[in-house]
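Given next are the chains, with one letter for each unit.
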Amino acid sequence: MQKIMVIGAGQMGSGIAQVCAQAGYNIVLNDLKTDFVERGLAVINKNLSRQVDKNKLTAEQKDEILARITRSTTLQDAEGVDLVIEAAVENMEIKTKIFAQLDAIAPEHTILASNTSSLPITEIAAATNRPEKVIGMHFMNPVPVMKLVEIIRGLATADEVYQTIEDITKKIGKVPVEVEDFPGFVANRILMPMINEAIYTLYEGVATKESIDEVMKLGMNHPMGPLTLADFIGLDTCLYIMETLYDGFGDPKYRPCPLLRKYVKAGWLGKKSGRGFYVYE
């Protein structure tokens, strides 16, 4: 494994590209437009500059890391890579289309990984002719800081492919945890219903948003309250994952709170839109 292509230069993709480049891999950072790629590189540059300021990196090391990242706006660049990590939008139709294209372009030995946070790896793999080489790598946000990577086997994922991805995960300084291919995997299957329940608690008038967050911070020792966390994740993302859980299990306990739906329809998506449960300047 020498060369890794990261698809999607947003918050997750740029973070994945950064940690892989820091570990010595050559990276192809791909997105639909040059502007998106440049924005992702600017975030990486800012993160690395912060490490230089803290004396965790030298200026020379920072330059070497950035030099290992190549810009890309075409999936055709997958022709020369050993691993692809897809971090595109959380939408099954878009992901299966990308994987079908990659399957036709990438060399036979190339492993295709998805950073999906909730969608079935088996279904993504079915869009290719190499399901044994398709796997899930669910990084946590923010990628440069968070240690966990959920590694998800699809129904056909080969043992040697799993082992390769586990080894790479360790090499980039992360902790791999093996997870079976169920809706929401482990992280979001537990986290999202908790957030959804906090929204129901607000919806039913049990307490104010500030009180709900305070209870979870002081009573459960959470670093931030669930409603603040939902704002940071994005309420549209929370709703999408809850719908994936609800559809996947058919269990009413995963039904998204009507207040969550209302906020998303209003465009109150959290920090990124300037307003969610809280208002952001």
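Okay, so let's go over this structure.

Cut-off values and rules
Along each chain, residues carry numbers from 1 onward, in the same order as the chain's sequence is written. Reporting in this predicted model follows two pLDDT cut-offs: at least 70 for local features of residues, and 80 or more for side-chain atom pairs to be given and counted; totals over whole chains, interfaces and linings ignore these cut-offs and use all residues. Side-chain measures here rest on the full set of heavy atoms in the structure, leaving out hydrogens and waters. Throughout, exposure labels follow a simple rule: accessible area from a 1.4 Å probe, protein chains only, divided by the maximum for the residue type, with under 20% read as buried, over 50% as exposed, and the rest as partly exposed. Secondary structure follows DSSP: runs of H or I at least 4 residues long count as helices, runs of E at least 2 residues long count as strands, and numbering of each begins at the N terminus. Between any two strands, pairing holds if DSSP finds at least two bridges. Classification remark: right-handed applies to a crossover when, strands pointing away from the viewer, the course from the first strand over the helix to the second runs clockwise. The convention used is that axes are lines fitted to C-alpha atoms, helices contributing only their stretch in contact, and that angles between N-to-C directions extend from 0 to 180 degrees. Roughly parallel refers to an angle under 35 degrees, roughly antiparallel to one over 145, roughly perpendicular to one between 65 and 115, and oblique to any angle outside these ranges. Throughout, a residue-residue contact means that at least one pair of heavy atoms, one from each residue, lies within 4.5 Å. For this classification, the nonpolar set comprises Ala, Val, Leu, Ile, Met, Phe, Trp, Tyr, Cys and Pro, the charged set comprises Asp, Glu, Lys and Arg, and every other residue, Gly included, is treated as polar.

## Describing the pairing of strand E4 (residues 83–86)
Going residue by residue along E4, you find Leu83 and Ile85 tucked away on one face and Val84 and Glu86 tucked away on the opposite face as well. Pairing between strand E1 (residues 3–7) and E4: 4 bridges, direction parallel. Bridged to isoleucine 4 within E4 is leucine 83. As paired strands, E4 and strand E5 (residues 111–114) are joined by 4 bridges and run parallel to one another. In the sheet register, isoleucine 85 faces E5, and the bridge partner there is alanine 113. Read from E4 through helix H4 (residues 92–105) to E5, the crossover connection turns out right-handed.

## Quick notes on the packing of helix H7 (residues 187–203) against helix H11 (residues 258–266)
Relative orientation of the contacting elements H7 and H11 amounts to 90°, with a least axis distance of 8 Å. In terms of axis orientation, H7 runs roughly perpendicular to H11. Residues Asn196, Ile199, Tyr200, Leu202 and Tyr203 of H7 pack against Pro258, Leu259 and Leu260 of H11. Taken together, the residues of the contact of H7 with H11 break down into 7 nonpolar, 1 polar and no charged.

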